[in-house]
Amino acid sequence: MISNLGTKCIHEGWKPSEGEARQLPIYQSTTFKYDSSNTMGQLFDLEREGYFYTRLQNPTNDAVAAKICALEGGVAAMLTSSGQAANFYAIFNICEAGDHFIASSSIYGGTYNLFGVTMKKMGIECTFVDQSLPIEELEKYFKPNTKAVFGETITNPTVTVFDFDKFSKLAHKHGVPLIVDNTFATPVNCRPFEWGADIVTHSTTKYMDGHGVGVGGCIVDSGNFDWMAHAEKFPGLTTPDDSYHGIIYAEKFGKGAYITKATAQLMRDLGSIQAPQNAFYLNLGLETLHLRMNQHCKNALAVARFLKNSDKVEWVHYADLEGDAYSDLAKKYLPNGTCGVLAFGVKGGREASIKFMDNLKLASISTHVADSKTCLLHPASHTHRQLTEEQLIEAGITPDLIRLSVGIENVDDLIADLEQALAKIN
Ligand SMILES: *Cc1c(COP(=O)(O)O)cnc(C)c1O
(Lines give C-alpha, C1' and ligand atoms only; values in the text may rest on other atoms or scores of the structure.)
Protein backbone atom coordinates (compact mmCIF):
# COMPACT_ATOMS: atom_id res chain seq x y z
CA MET A 1 0.00 0.00 0.00
CA ILE A 2 1.23 3.47 -0.86
CA SER A 3 -0.22 5.40 2.06
CA ASN A 4 2.83 6.96 3.65
CA LEU A 5 4.77 9.85 2.22
CA GLY A 6 8.12 8.04 2.25
CA THR A 7 6.65 5.18 0.23
CA LYS A 8 5.12 7.65 -2.21
CA CYS A 9 8.54 9.26 -2.72
CA ILE A 10 9.77 5.92 -3.99
CA HIS A 11 6.78 4.29 -5.67
CA GLU A 12 4.46 6.99 -7.03
CA GLY A 13 4.66 8.15 -10.62
CA TRP A 14 6.24 5.44 -12.77
CA LYS A 15 4.44 2.16 -12.11
CA PRO A 16 5.97 -0.50 -14.35
CA SER A 17 3.84 -3.40 -15.44
CA GLU A 18 5.01 -6.97 -16.02
CA GLY A 19 8.45 -7.02 -17.61
CA GLU A 20 8.82 -3.23 -17.92
CA ALA A 21 11.85 -1.23 -16.79
CA ARG A 22 11.93 -1.03 -13.02
CA GLN A 23 13.46 2.45 -13.04
CA LEU A 24 11.73 5.29 -14.86
CA PRO A 25 12.80 5.26 -18.54
CA ILE A 26 13.98 8.48 -20.18
CA TYR A 27 11.82 9.03 -23.24
CA GLN A 28 14.53 10.84 -25.14
CA SER A 29 12.33 11.58 -28.12
CA THR A 30 10.96 14.78 -29.55
CA THR A 31 8.00 13.11 -31.23
CA PHE A 32 5.69 10.13 -30.96
CA LYS A 33 4.54 7.86 -33.74
CA TYR A 34 0.98 7.16 -34.88
CA ASP A 35 -0.44 4.85 -37.50
CA SER A 36 -3.68 6.69 -38.00
CA SER A 37 -4.07 10.26 -39.11
CA ASN A 38 -7.33 10.41 -37.21
CA THR A 39 -5.70 9.53 -33.85
CA MET A 40 -3.15 12.29 -34.35
CA GLY A 41 -5.97 14.71 -35.20
CA GLN A 42 -7.79 13.81 -32.00
CA LEU A 43 -4.66 14.56 -29.97
CA PHE A 44 -4.44 18.00 -31.54
CA ASP A 45 -8.11 18.60 -30.73
CA LEU A 46 -7.57 17.57 -27.07
CA GLU A 47 -10.16 14.85 -27.72
CA ARG A 48 -7.75 12.11 -26.70
CA GLU A 49 -4.91 11.87 -24.20
CA GLY A 50 -1.47 11.04 -25.52
CA TYR A 51 1.85 12.40 -26.63
CA PHE A 52 2.75 14.01 -29.88
CA TYR A 53 5.53 16.50 -29.28
CA THR A 54 7.89 16.96 -26.31
CA ARG A 55 7.51 20.75 -26.36
CA LEU A 56 4.10 20.12 -24.73
CA GLN A 57 4.36 16.78 -22.94
CA ASN A 58 6.67 13.84 -22.44
CA PRO A 59 6.00 10.53 -20.62
CA THR A 60 9.12 10.78 -18.41
CA ASN A 61 8.08 14.24 -17.26
CA ASP A 62 4.51 13.15 -16.67
CA ALA A 63 5.55 10.24 -14.45
CA VAL A 64 7.62 12.61 -12.28
CA ALA A 65 4.85 15.22 -12.22
CA ALA A 66 2.46 12.47 -11.11
CA LYS A 67 4.78 11.62 -8.21
CA ILE A 68 4.94 15.25 -7.04
CA CYS A 69 1.17 15.49 -7.52
CA ALA A 70 0.69 12.46 -5.24
CA LEU A 71 3.06 13.90 -2.64
CA GLU A 72 1.15 17.19 -2.57
CA GLY A 73 -2.27 15.51 -2.67
CA GLY A 74 -3.27 17.27 -5.90
CA VAL A 75 -5.25 16.18 -8.96
CA ALA A 76 -2.95 17.26 -11.81
CA ALA A 77 0.61 18.51 -12.24
CA MET A 78 3.14 19.51 -14.84
CA LEU A 79 6.90 19.94 -14.86
CA THR A 80 8.47 23.14 -16.14
CA SER A 81 12.03 23.99 -17.14
CA SER A 82 12.63 26.02 -13.96
CA GLY A 83 10.99 27.34 -10.82
CA GLN A 84 10.79 30.73 -12.52
CA ALA A 85 8.81 29.17 -15.38
CA ALA A 86 6.52 27.45 -12.86
CA ASN A 87 5.68 30.69 -11.06
CA PHE A 88 5.27 32.58 -14.32
CA TYR A 89 2.93 29.96 -15.79
CA ALA A 90 0.99 29.62 -12.55
CA ILE A 91 0.05 33.31 -12.72
CA PHE A 92 -0.03 33.80 -16.49
CA ASN A 93 -2.46 30.88 -16.85
CA ILE A 94 -5.15 33.01 -15.17
CA CYS A 95 -3.95 36.61 -15.59
CA GLU A 96 -3.62 38.66 -18.75
CA ALA A 97 -2.82 42.28 -19.61
CA GLY A 98 -5.03 44.52 -17.49
CA ASP A 99 -5.21 42.07 -14.59
CA HIS A 100 -3.82 42.41 -11.10
CA PHE A 101 -2.68 40.02 -8.38
CA ILE A 102 -1.39 40.24 -4.83
CA ALA A 103 1.87 38.71 -3.61
CA SER A 104 3.57 38.64 -0.26
CA SER A 105 6.65 40.88 -0.35
CA SER A 106 8.62 38.17 1.46
CA ILE A 107 9.38 35.98 -1.52
CA TYR A 108 12.36 34.75 -3.48
CA GLY A 109 14.23 37.61 -5.23
CA GLY A 110 13.82 36.08 -8.68
CA THR A 111 10.06 35.83 -8.22
CA TYR A 112 9.95 39.40 -6.90
CA ASN A 113 11.61 40.64 -10.08
CA LEU A 114 9.47 38.44 -12.34
CA PHE A 115 6.26 39.77 -10.75
CA GLY A 116 7.30 43.37 -10.19
CA VAL A 117 9.31 44.10 -13.34
CA THR A 118 8.87 41.59 -16.15
CA MET A 119 5.16 40.84 -15.74
CA LYS A 120 4.52 44.55 -15.34
CA LYS A 121 5.87 45.00 -18.86
CA MET A 122 3.23 42.50 -19.99
CA GLY A 123 0.53 44.67 -18.46
CA ILE A 124 0.00 42.49 -15.39
CA GLU A 125 0.24 44.41 -12.15
CA CYS A 126 1.39 42.91 -8.86
CA THR A 127 0.92 44.54 -5.47
CA PHE A 128 3.41 43.32 -2.87
CA VAL A 129 2.03 43.20 0.64
CA ASP A 130 3.51 42.85 4.11
CA GLN A 131 2.34 39.35 5.02
CA SER A 132 2.19 40.13 8.73
CA LEU A 133 -0.66 42.66 8.23
CA PRO A 134 -4.07 41.68 9.62
CA ILE A 135 -6.70 40.47 7.17
CA GLU A 136 -8.66 43.76 7.31
CA GLU A 137 -5.58 45.65 6.11
CA LEU A 138 -4.74 43.11 3.42
CA GLU A 139 -8.27 43.30 2.04
CA LYS A 140 -7.71 46.91 1.04
CA TYR A 141 -5.34 45.80 -1.72
CA PHE A 142 -8.02 43.91 -3.65
CA LYS A 143 -9.35 45.48 -6.85
CA PRO A 144 -12.10 44.37 -9.24
CA ASN A 145 -9.39 42.97 -11.57
CA THR A 146 -7.49 41.02 -8.85
CA LYS A 147 -7.11 37.41 -10.00
CA ALA A 148 -4.84 35.63 -7.52
CA VAL A 149 -2.99 35.75 -4.21
CA PHE A 150 0.58 34.43 -4.01
CA GLY A 151 2.91 33.51 -1.14
CA GLU A 152 5.79 31.21 -0.15
CA THR A 153 5.47 28.54 2.56
CA ILE A 154 8.92 29.41 3.89
CA THR A 155 10.48 32.45 2.29
CA ASN A 156 13.80 32.44 0.56
CA PRO A 157 15.95 34.00 2.07
CA THR A 158 14.27 35.46 5.17
CA VAL A 159 12.80 32.09 6.33
CA THR A 160 9.49 33.50 7.54
CA VAL A 161 6.50 31.14 7.63
CA PHE A 162 3.35 31.82 5.60
CA ASP A 163 0.03 32.05 7.41
CA PHE A 164 -2.10 29.79 5.24
CA ASP A 165 -5.33 30.24 7.18
CA LYS A 166 -5.22 34.01 6.88
CA PHE A 167 -4.33 34.09 3.20
CA SER A 168 -6.68 31.32 2.07
CA LYS A 169 -9.58 33.06 3.83
CA LEU A 170 -8.56 36.33 2.22
CA ALA A 171 -8.24 34.88 -1.31
CA HIS A 172 -11.43 32.84 -1.15
CA LYS A 173 -13.48 35.70 0.27
CA HIS A 174 -12.56 37.61 -2.89
CA GLY A 175 -13.18 34.68 -5.25
CA VAL A 176 -9.58 34.11 -6.33
CA PRO A 177 -7.19 31.16 -5.88
CA LEU A 178 -4.29 31.06 -3.43
CA ILE A 179 -1.06 30.05 -5.14
CA VAL A 180 1.80 28.95 -2.88
CA ASP A 181 5.45 28.32 -3.69
CA ASN A 182 6.26 25.30 -1.53
CA THR A 183 9.90 24.93 -2.59
CA PHE A 184 11.61 25.16 0.80
CA ALA A 185 9.19 23.06 2.81
CA THR A 186 8.60 20.39 0.16
CA PRO A 187 5.50 18.19 0.58
CA VAL A 188 7.45 16.17 3.13
CA ASN A 189 7.15 19.01 5.64
CA CYS A 190 4.06 20.89 4.46
CA ARG A 191 1.18 20.18 2.11
CA PRO A 192 -0.40 23.57 1.37
CA PHE A 193 -3.61 22.01 -0.03
CA GLU A 194 -4.40 20.76 3.47
CA TRP A 195 -4.38 24.41 4.56
CA GLY A 196 -6.53 25.90 1.82
CA ALA A 197 -4.04 26.66 -0.97
CA ASP A 198 -5.43 25.96 -4.45
CA ILE A 199 -2.29 25.74 -6.55
CA VAL A 200 1.27 24.86 -5.50
CA THR A 201 4.49 25.63 -7.33
CA HIS A 202 8.02 24.35 -6.84
CA SER A 203 11.52 25.09 -7.88
CA THR A 204 12.47 21.40 -8.10
CA THR A 205 16.05 22.66 -8.46
CA LYS A 206 16.24 22.76 -4.65
CA TYR A 207 15.47 19.94 -2.20
CA MET A 208 13.49 17.83 -4.66
CA ASP A 209 16.50 17.42 -6.90
CA GLY A 210 18.67 17.65 -3.81
CA HIS A 211 22.04 17.21 -5.49
CA GLY A 212 22.37 20.39 -7.50
CA VAL A 213 22.25 18.66 -10.89
CA GLY A 214 19.20 20.01 -12.73
CA VAL A 215 17.19 23.22 -12.85
CA GLY A 216 13.46 22.54 -12.92
CA GLY A 217 10.02 23.46 -11.70
CA CYS A 218 6.58 22.02 -11.10
CA ILE A 219 2.98 23.23 -10.81
CA VAL A 220 0.39 21.18 -8.95
CA ASP A 221 -3.34 21.87 -8.92
CA SER A 222 -5.54 20.80 -6.00
CA GLY A 223 -8.60 20.83 -8.25
CA ASN A 224 -10.43 22.63 -5.45
CA PHE A 225 -10.89 26.06 -6.97
CA ASP A 226 -14.27 26.40 -8.68
CA TRP A 227 -13.50 28.43 -11.83
CA MET A 228 -17.10 28.30 -13.02
CA ALA A 229 -18.35 29.84 -9.77
CA HIS A 230 -16.22 32.91 -10.63
CA ALA A 231 -16.54 32.55 -14.39
CA GLU A 232 -16.39 36.29 -15.15
CA LYS A 233 -12.95 36.59 -13.51
CA PHE A 234 -11.37 33.70 -15.40
CA PRO A 235 -12.53 33.86 -19.04
CA GLY A 236 -9.50 31.85 -20.17
CA LEU A 237 -10.88 28.83 -18.35
CA THR A 238 -14.60 29.47 -18.67
CA THR A 239 -15.08 30.72 -22.25
CA PRO A 240 -14.30 28.94 -25.55
CA ASP A 241 -10.67 28.57 -26.73
CA ASP A 242 -10.76 29.14 -30.48
CA SER A 243 -7.39 27.49 -30.97
CA TYR A 244 -8.99 24.17 -29.93
CA HIS A 245 -12.35 24.37 -31.74
CA GLY A 246 -13.98 26.34 -28.97
CA ILE A 247 -13.52 23.95 -26.05
CA ILE A 248 -14.15 25.40 -22.58
CA TYR A 249 -11.46 24.07 -20.24
CA ALA A 250 -13.45 24.25 -17.00
CA GLU A 251 -16.36 22.39 -18.61
CA LYS A 252 -14.46 19.79 -20.58
CA PHE A 253 -11.68 18.98 -18.11
CA GLY A 254 -13.30 19.71 -14.73
CA LYS A 255 -10.66 19.45 -12.01
CA GLY A 256 -7.96 18.99 -14.64
CA ALA A 257 -8.82 22.28 -16.37
CA TYR A 258 -6.06 24.48 -15.01
CA ILE A 259 -3.15 22.13 -15.82
CA THR A 260 -4.65 21.14 -19.19
CA LYS A 261 -4.91 24.80 -20.16
CA ALA A 262 -1.34 25.51 -19.03
CA THR A 263 -0.10 22.56 -21.11
CA ALA A 264 -2.25 23.14 -24.18
CA GLN A 265 -1.70 26.90 -24.38
CA LEU A 266 1.38 27.96 -22.42
CA MET A 267 3.64 24.98 -23.12
CA ARG A 268 2.48 24.98 -26.72
CA ASP A 269 3.28 28.66 -27.21
CA LEU A 270 6.14 29.28 -24.80
CA GLY A 271 7.68 25.81 -24.51
CA SER A 272 9.40 26.01 -21.12
CA ILE A 273 9.30 22.25 -20.63
CA GLN A 274 11.77 20.34 -18.51
CA ALA A 275 14.18 18.12 -20.44
CA PRO A 276 13.23 14.44 -19.89
CA GLN A 277 16.82 13.78 -18.80
CA ASN A 278 16.45 16.36 -16.02
CA ALA A 279 13.11 14.86 -15.03
CA PHE A 280 14.92 11.53 -14.61
CA TYR A 281 17.48 13.12 -12.26
CA LEU A 282 14.66 14.82 -10.40
CA ASN A 283 12.98 11.48 -9.90
CA LEU A 284 16.15 10.03 -8.36
CA GLY A 285 16.21 12.97 -5.97
CA LEU A 286 12.58 12.47 -5.04
CA GLU A 287 13.27 8.85 -4.07
CA THR A 288 15.23 10.04 -1.02
CA LEU A 289 13.44 13.34 -0.34
CA HIS A 290 11.83 12.14 2.91
CA LEU A 291 15.17 10.93 4.32
CA ARG A 292 17.06 14.02 3.29
CA MET A 293 14.50 16.54 4.58
CA ASN A 294 14.63 14.88 7.95
CA GLN A 295 18.42 15.15 8.07
CA HIS A 296 18.45 18.75 6.77
CA CYS A 297 16.07 19.78 9.55
CA LYS A 298 18.02 17.98 12.28
CA ASN A 299 21.31 19.50 11.15
CA ALA A 300 19.86 22.98 10.72
CA LEU A 301 18.37 22.99 14.21
CA ALA A 302 21.71 21.98 15.75
CA VAL A 303 23.51 24.67 13.72
CA ALA A 304 20.87 27.30 14.63
CA ARG A 305 21.34 26.50 18.33
CA PHE A 306 25.11 26.73 17.98
CA LEU A 307 24.88 30.13 16.24
CA LYS A 308 22.38 31.41 18.76
CA ASN A 309 24.85 30.67 21.55
CA SER A 310 27.84 32.21 19.78
CA ASP A 311 28.97 35.63 21.03
CA LYS A 312 30.01 36.51 17.45
CA VAL A 313 26.46 36.23 16.20
CA GLU A 314 23.96 39.08 16.43
CA TRP A 315 20.78 37.22 15.56
CA VAL A 316 19.47 33.93 14.10
CA HIS A 317 16.19 33.29 12.29
CA TYR A 318 15.07 29.70 12.07
CA ALA A 319 11.45 28.88 12.70
CA ASP A 320 12.21 25.59 14.50
CA LEU A 321 14.36 27.44 17.01
CA GLU A 322 12.85 28.01 20.45
CA GLY A 323 11.50 31.55 20.71
CA ASP A 324 11.69 32.36 16.97
CA ALA A 325 9.10 34.90 15.78
CA TYR A 326 7.67 32.26 13.40
CA SER A 327 7.82 29.34 15.76
CA ASP A 328 4.04 29.27 16.36
CA LEU A 329 3.22 29.27 12.65
CA ALA A 330 5.88 26.61 12.07
CA LYS A 331 4.45 24.37 14.80
CA LYS A 332 1.00 24.70 13.25
CA TYR A 333 1.82 24.21 9.57
CA LEU A 334 5.15 22.32 9.66
CA PRO A 335 5.09 20.24 12.84
CA ASN A 336 7.82 17.86 11.61
CA GLY A 337 10.33 20.58 10.81
CA THR A 338 10.67 23.43 8.33
CA CYS A 339 13.74 23.09 6.12
CA GLY A 340 17.54 23.27 6.23
CA VAL A 341 17.82 26.96 5.47
CA LEU A 342 18.37 29.57 8.14
CA ALA A 343 19.31 33.23 8.22
CA PHE A 344 21.64 34.98 10.63
CA GLY A 345 23.74 38.08 11.08
CA VAL A 346 27.24 38.24 12.55
CA LYS A 347 28.31 41.12 14.77
CA GLY A 348 30.16 43.76 12.78
CA GLY A 349 27.72 43.96 9.88
CA ARG A 350 28.56 43.65 6.22
CA GLU A 351 32.37 43.62 6.56
CA ALA A 352 32.45 40.98 9.29
CA SER A 353 29.93 38.87 7.32
CA ILE A 354 32.20 38.83 4.31
CA LYS A 355 35.30 38.01 6.38
CA PHE A 356 33.44 35.16 8.06
CA MET A 357 32.25 33.72 4.76
CA ASP A 358 35.66 33.91 3.12
CA ASN A 359 37.17 31.89 5.99
CA LEU A 360 34.83 28.92 5.72
CA LYS A 361 36.48 25.72 4.53
CA LEU A 362 33.67 23.18 4.24
CA ALA A 363 30.66 25.38 3.53
CA SER A 364 30.93 27.00 0.12
CA ILE A 365 29.75 30.36 -1.14
CA SER A 366 27.20 29.53 -3.77
CA THR A 367 24.04 30.96 -5.31
CA HIS A 368 22.49 27.61 -4.83
CA VAL A 369 20.48 26.60 -1.81
CA ALA A 370 18.71 23.57 -0.46
CA ASP A 371 20.82 20.64 -1.54
CA SER A 372 23.02 18.03 0.13
CA LYS A 373 26.12 20.26 0.43
CA THR A 374 26.19 23.12 2.93
CA CYS A 375 26.45 26.49 1.25
CA LEU A 376 25.78 30.09 2.03
CA LEU A 377 25.37 33.49 0.49
CA HIS A 378 24.97 37.12 1.36
CA PRO A 379 21.76 38.28 -0.37
CA ALA A 380 22.52 42.01 -0.15
CA SER A 381 25.69 41.51 -2.21
CA HIS A 382 24.56 38.48 -4.27
CA THR A 383 20.97 37.43 -5.13
CA HIS A 384 19.30 40.69 -4.14
CA ARG A 385 21.98 43.14 -5.24
CA GLN A 386 19.63 44.63 -7.87
CA LEU A 387 17.17 45.76 -5.21
CA THR A 388 17.23 49.27 -3.78
CA GLU A 389 17.80 49.76 -0.03
CA GLU A 390 14.06 50.38 0.30
CA GLN A 391 13.14 47.19 -1.55
CA LEU A 392 15.66 45.26 0.54
CA ILE A 393 14.03 46.42 3.74
CA GLU A 394 10.57 45.67 2.31
CA ALA A 395 11.76 42.15 1.53
CA GLY A 396 13.06 41.86 5.11
CA ILE A 397 16.71 41.68 4.09
CA THR A 398 19.16 43.52 6.35
CA PRO A 399 22.68 44.28 5.05
CA ASP A 400 24.15 41.70 7.45
CA LEU A 401 21.78 38.84 6.54
CA ILE A 402 23.58 35.61 5.66
CA ARG A 403 21.54 32.78 4.21
CA LEU A 404 22.92 29.44 5.31
CA SER A 405 21.69 26.30 3.61
CA VAL A 406 22.58 23.45 5.93
CA GLY A 407 23.36 20.24 4.07
CA ILE A 408 23.28 16.63 5.15
CA GLU A 409 26.96 16.29 6.13
CA ASN A 410 27.91 15.23 9.65
CA VAL A 411 26.75 18.12 11.78
CA ASP A 412 29.86 18.15 14.03
CA ASP A 413 32.01 18.92 11.00
CA LEU A 414 29.67 21.73 9.98
CA ILE A 415 29.71 23.33 13.41
CA ALA A 416 33.53 23.04 13.64
CA ASP A 417 33.81 24.86 10.32
CA LEU A 418 31.48 27.67 11.40
CA GLU A 419 33.29 27.94 14.72
CA GLN A 420 36.77 28.40 13.19
CA ALA A 421 35.47 31.00 10.69
CA LEU A 422 33.63 32.95 13.39
CA ALA A 423 36.82 32.95 15.48
CA LYS A 424 38.56 34.86 12.67
CA ILE A 425 36.35 37.93 12.98
CA ASN A 426 37.14 40.33 15.78
C1 LIG B 1 15.03 29.05 -6.50
C2 LIG B 1 13.66 29.43 -6.24
C3 LIG B 1 12.79 29.79 -7.29
C4 LIG B 1 13.25 29.85 -8.73
O5 LIG B 1 13.54 28.58 -9.17
P6 LIG B 1 14.61 28.26 -10.34
O7 LIG B 1 14.49 26.78 -10.44
O8 LIG B 1 15.93 28.75 -9.90
O9 LIG B 1 14.11 28.95 -11.56
C10 LIG B 1 11.49 30.09 -6.97
N11 LIG B 1 11.05 30.07 -5.70
C12 LIG B 1 11.85 29.74 -4.67
C13 LIG B 1 11.31 29.73 -3.28
C14 LIG B 1 13.18 29.42 -4.90
O15 LIG B 1 13.97 29.10 -3.86
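Owing to the predicted nature of the structure, the values given are computational and were not obtained by experimental measurement.

Draft legend 1. Region of the structure containing the site of the ligand. Of all residues adjacent to the ligand, which total 16 residues, the nearest are Gly-83, Asp-181, Ser-203, Thr-205 and Lys-206. One of the backbone nitrogen or oxygen atoms of Gly-83 is found 2.9 Å away from an oxygen atom of the ligand. With respect to the ligand, the side chain of Ser-203 contributes an N or O atom lying 2.8 Å from an oxygen atom. Surface burial for the ligand is 93%, taken as the share of its 380 Å² of free accessible area covered by protein chains.

Draft legend 2. Structural view of helix H12 (residues 276–286). Within H12, burial applies to Pro-276, Ala-279, Phe-280, Leu-282, Asn-283, Gly-285 and Leu-286. Buried-residue contacts for H12 involve helix H1 (5–11), helix H3 (59–72), strand S1 (76–80) and helix H13 (289–309).

Draft legend 3. Highlighting the sheet that holds S1. Ordered in space as S1-S7-S6-S5-S4-S2-S3, the 7 strands form an open sheet in which the pairing is mixed. Because the sheet does not close on itself, it has two edges, and the strands there are S1 and strand S3 (125–129). In this sheet, adjacent strand axes meet at a mean angle of 20° when their direction is disregarded. Strand direction decides the pairing type here: strand S2 (residues 100–104) and S3, joined by 5 bridges, are parallel. Opposite Phe-101, over in S3, you have Cys-126 as the bridge partner. Contacts from helix H7 (residues 164–173) reach S3, strand S4 (146–152) and strand S5 (178–181) within the one sheet, and its direction differs from that of S5 by about 145°.

Draft legend 4. Broad picture of the packing of aromatic side chains. Per the stated rule, a full pass over the model turns up 18 aromatic pairs. Aromatic pair Phe-162 and Phe-167: ring centres 4.6 Å apart, planes at 25°, arrangement stacked. The two residues Phe-162 and Phe-167 agree in class, both being buried. Both rings, one in Phe-344 and one in Phe-356, keep their centres 5.8 Å apart while their planes meet at 80°; by these two values the pair is edge-to-face. Here the residue Phe-344 occupies a position in strand S9 (residues 341–346), and Phe-356 occupies one in helix H15 (residues 349–358), the gap between them amounting to 12 residues. Residue class for Phe-344 comes out buried when judged on its relative accessible area of 0%. Judged by its relative accessible area of 0%, Phe-356 is buried. Lys-252 extends its terminal NZ or CZ atom over the ring of Phe-253, reaching a point 5.9 Å from the ring centre.

Draft legend 5. Spatial organisation of the nonpolar core. Residues Ile-68, Phe-101, Phe-115, Ile-219 and Trp-227 are the most contacted members of the largest nonpolar core, which totals 100 residues. Per element, the largest residue contribution to this core is 7 residues, and it comes from helix H11 (residues 257–270). For this core, the domains that each give at least three residues are domain 1 (11–284) and domain 2 (290–423). Dropping the residues within four chain positions of it, Ile-68 is found in contact with Leu-79, His-202, Thr-204, Met-208, Cys-218, Val-220, Leu-282 and Leu-286.

Draft legend 6. Highlighting the domain arrangement of the protein chain. Domain assignment breaks the protein chain into domain 1 (11–284) and domain 2 (290–423). Each of domain 1 and domain 2 has a C-alpha centre, and these two points are 29 Å apart. Facing 30 residues of domain 1, the contacting portion of domain 2 comprises 36 residues. Interface area, domain 1 with domain 2, both sides summed: about 2900 Å², of which 63% is carbon and sulfur. By the criterion of area lost to domain 2, the three top residues of domain 1 are Val-161, Asn-189 and Tyr-207, representing 25% of everything that side buries. Seen at the junction of domain 1 and domain 2, the total is 1 salt bridge. In this structure, Lys-332 and Asp-165 form a salt bridge, with 2.5 Å as the shortest nitrogen-oxygen distance. Applying the counting rule to domain 1 against domain 2 returns 13 residue pairs in polar contact (both at pLDDT 80 or more). Those elements that place two or more of their residues in the side of domain 1 that touches domain 2 are helix H5 (109–121), H7 and helix H8 (186–189).

Draft legend 7. Expanded view of unusual backbone geometry. Residue Asn-156 is joined to Pro-157 through a cis peptide bond whose omega torsion reads 15°. Tracing the sequence through the fold places Pro-157 in the loop between S4 and H7. A positive phi angle, near 45°, is found at Val-159, a position not held by glycine. One can find Val-159 in the loop between S4 and H7.

Draft legend 8. Examining the pattern of salt bridges more closely. In the structure shown here, the tally under the stated rule is 11 salt bridges. The salt bridge partner of Lys-33 is Asp-35, with a shortest N-O separation of 3.2 Å. For the pair formed by Lys-33 and Asp-35, the shared burial category is exposed. Its salt-bridge partner being Arg-191, residue Glu-194 comes within 2.9 Å of it at the nearest N-O pair.

Scoring rules and cut-offs
- Residues numbered from 1 in each chain as written.
- Predicted model: local features only at pLDDT ≥ 70, side-chain atom pairs only at ≥ 80, totals over all residues.
- Heavy atoms only, no water.
- Near = heavy atom within 4 Å.
- Polar contact = N/O pair within 3.5 Å; in protein donor to acceptor, adjacent residues only side chain to side chain.
- Areas by Shrake-Rupley, 256 points an atom, 1.4 Å probe, with all protein chains shown as cover.
- Buried < 20%, exposed > 50% of the residue type's maximum accessible area, 1.4 Å probe, protein only.
- Helix = DSSP H or I, 4+ residues; strand = E, 2+ residues; numbered from the N terminus.
- Contact = heavy atoms within 4.5 Å.
- Pairing = 2+ DSSP bridges.
- Axes fitted to C-alpha atoms, helices over the stretch in contact; angles between N-to-C directions.
- Phe/Tyr/Trp six-rings, centres within 6.5 Å; stacked < 30°, edge-to-face > 60°.
- Lys NZ or Arg CZ within 6 Å of the ring centre and 35° of its normal.
- Core = buried A, V, L, I, M, F, W, Y, C linked by side-chain atoms within 4.5 Å.
- Domains from an automatic or database assignment.
- Buried area = accessible area lost by both parts, 1.4 Å probe.
- Salt bridge = Lys/Arg side-chain N within 4 Å of Asp/Glu carboxyl O.

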